[in-house]
Amino acid sequence: MIDLYQEKYPITDPDIHFEIEAIDLEYLREDLPKLIISMQEGVNRLKEISTSLRIFSRTDSDRPISFNIHQGLESTLLILKHRLKANATRPEIAVVTDYGDLPAVECYAEQLNQVFINLLANAINALEESVQGCSFEEMKVNPHRIEIRTQLSEDGQQVLIHIADNGPGMTPDVKACIFNQSFTTKALGKGTGLGLAIARQIVVEKHGGNLYCCSQIGQGAEFIIELPVRQQA
Ligand SMILES: Nc1ncnc2c1ncn2[C@@H]1O[C@H](COP(=O)(O)OP(=O)(O)OP(=O)(O)O)[C@@H](O)[C@H]1O
Ligand SMILES: [Mg+2]
């Protein structure tokens, strides 16, 4: 419409001319569509976050419910997204997912999401610690990466969720203690050392599953959650 006006009525009136300059019409016309696009993106993101928060924080009933593991993982990743982004000290941490064909799993969803967040937060912490003091050039040689893989066991009775990072890994001494309550290698006041103890309690005691860790120093770490598809009555 403005184009048409400008074509049919070339501006001769000084007041209109002044006002056009004052509001910087040219810039406004360029900027407004971009502004609307980013508002739209913002609203979409808010929608995603609120859906994720709802999935993430679903209040567990006293009985297990049927849960889509992939939705749980995705909502956890969205909550951790701000920690995965590039910042002043390091490039972005890439997350690669390889989701198998899983059935809905009977579980305490809120608690399981807590396990995912504890394992993923540990991976991010480990990756961050490993590059302290490195230059961006050095970090680019071995880009940070977290891999999440899911699969159904051959007999169809268990789901397996692998969460692996290419961080510093652990010594055998550390690996032997990680599930102990209060064991942490973090600086005083930084970690409670409860993350993995809680994760193990939820997976093993609450769900009758298993939680394994494979790690060697310099070779990253991989945690494997094994969960029964159905809970025993
Ligand atoms: N992905 C990993 N790579 C290397 N080390 C790890 C990894 N995950 C856990 N660890 C080791 O296991 C220790 C215990 O982990 P845990 O999550 O129980 O406690 P924390 O992370 O130290 O403290 P919090 O979870 O309360 O922040 C960590 O301090 C770290 O040494
Ligand atoms: Mg932890």
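Residues numbered from 1 in each chain as written. Chains lettered and ligands numbered in written order. Predicted model: local features only at pLDDT ≥ 70, side-chain atom pairs only at ≥ 80, totals over all residues. Heavy atoms only, no water.

As a further point, take helix α4 (residues 69–84). Taking the largest bend as the criterion, α4 deviates by roughly 40 degrees, centred on L78. Turning to α4, its buried residues number three or more, namely I69, H70, G72, L73, S75, T76, L77, L78, L80 and L84. A distance of 2.9 Å separates the backbone nitrogen of H70 from a side-chain oxygen at the start of α4, and that oxygen is part of N68. (Bend = angle between axes of the 7 residues up to and from the residue. Helix = DSSP H or I, 4+ residues; strand = E, 2+ residues; numbered from the N terminus. Buried < 20%, exposed > 50% of the residue type's maximum accessible area, 1.4 Å probe, protein only. Polar contact = N/O pair within 3.5 Å; in protein donor to acceptor, adjacent residues only side chain to side chain.)

Turning to the domain arrangement of the protein chain, a few remarks are in order. What the domain assignment reports for the protein chain is domain 1 (2–42) and domain 2 (61–228). For domain 1 and domain 2, the distance between their C-alpha centres works out to 51 Å. (Domains from an automatic or database assignment.)

We now examine the pattern of salt bridges. Opposite charge on two side chains makes pairing possible when the charged atoms of those side chains draw close. Within the structure shown, the criterion is met by 6 salt bridges. Close ionic contact of E128 with R90 constitutes a salt bridge, the shortest N to O distance being 2.9 Å. Taken together, the residues span a long stretch of sequence, with E128 in helix α5 (residues 109–130) and R90 in the loop between α4 and β2 (94–98) at a distance of 38 residues. We note a salt bridge from R145 to E147, for which the minimum N-O separation is 2.7 Å. Since its relative accessible area comes to 36%, R145 is described here as partly exposed. With a relative accessible area of 33%, E147 lands in the partly exposed category. (Salt bridge = Lys/Arg side-chain N within 4 Å of Asp/Glu carboxyl O.)

Following both chains from N to C, one finds α5 and helix α8 (residues 195–206) inclined at 145 degrees, their axes separated by 9 Å at the closest point. α5 and α8 meet at a crossing whose hand is left-handed. Counted together, Q111, L112, Q114, V115, N118, L119 and N122 of α5 and G195, L196, I198, A199, I202, V203 and K206 of α8 form the full contact between these two elements. Residues that form the contact of α5 with α8 fall into these classes: 8 nonpolar, 5 polar and 1 charged. (Axes fitted to C-alpha atoms, helices over the stretch in contact; angles between N-to-C directions. Left-handed = near helix turned anticlockwise from the far one by under 90°. Contact = heavy atoms within 4.5 Å. Nonpolar A, V, L, I, M, F, W, Y, C, P; charged D, E, K, R; others polar.)

Attention now goes to the site of ligand 1. Neighbouring ligand 1 are 19 residues, the closest being N122, T184, T185, K186 and T192. Side-chain polar atom of T192 to an oxygen atom of ligand 1: 2.4 Å apart, as the coordinates give it. Within the backbone of G193, one N or O atom sits 3.1 Å away from an oxygen atom of ligand 1. The protein chains hide 89% of the 590 Å² of surface that ligand 1 would expose on its own. Of all the cavities here, the one that holds ligand 1 is the largest pocket. Contributions of two or more residues to the shell around ligand 1 are made by α5, α8 and β7 (221–228). Considering each element in turn, the shell around ligand 1 owes the most residues, 3 residues, to α5. By residue class, the composition of the shell around ligand 1 is 9 nonpolar, 8 polar and 2 charged. (Near = heavy atom within 4 Å. Areas by Shrake-Rupley, 256 points an atom, 1.4 Å probe, with all protein chains shown as cover. 1 Å grid on protein atoms, 1.4 Å probe; cavity = no way out; pocket = protein on both sides within 12 Å on 5 of 7 lines; lining within 4 Å. Sits in = over half its atoms within 2 Å of the grid points.)

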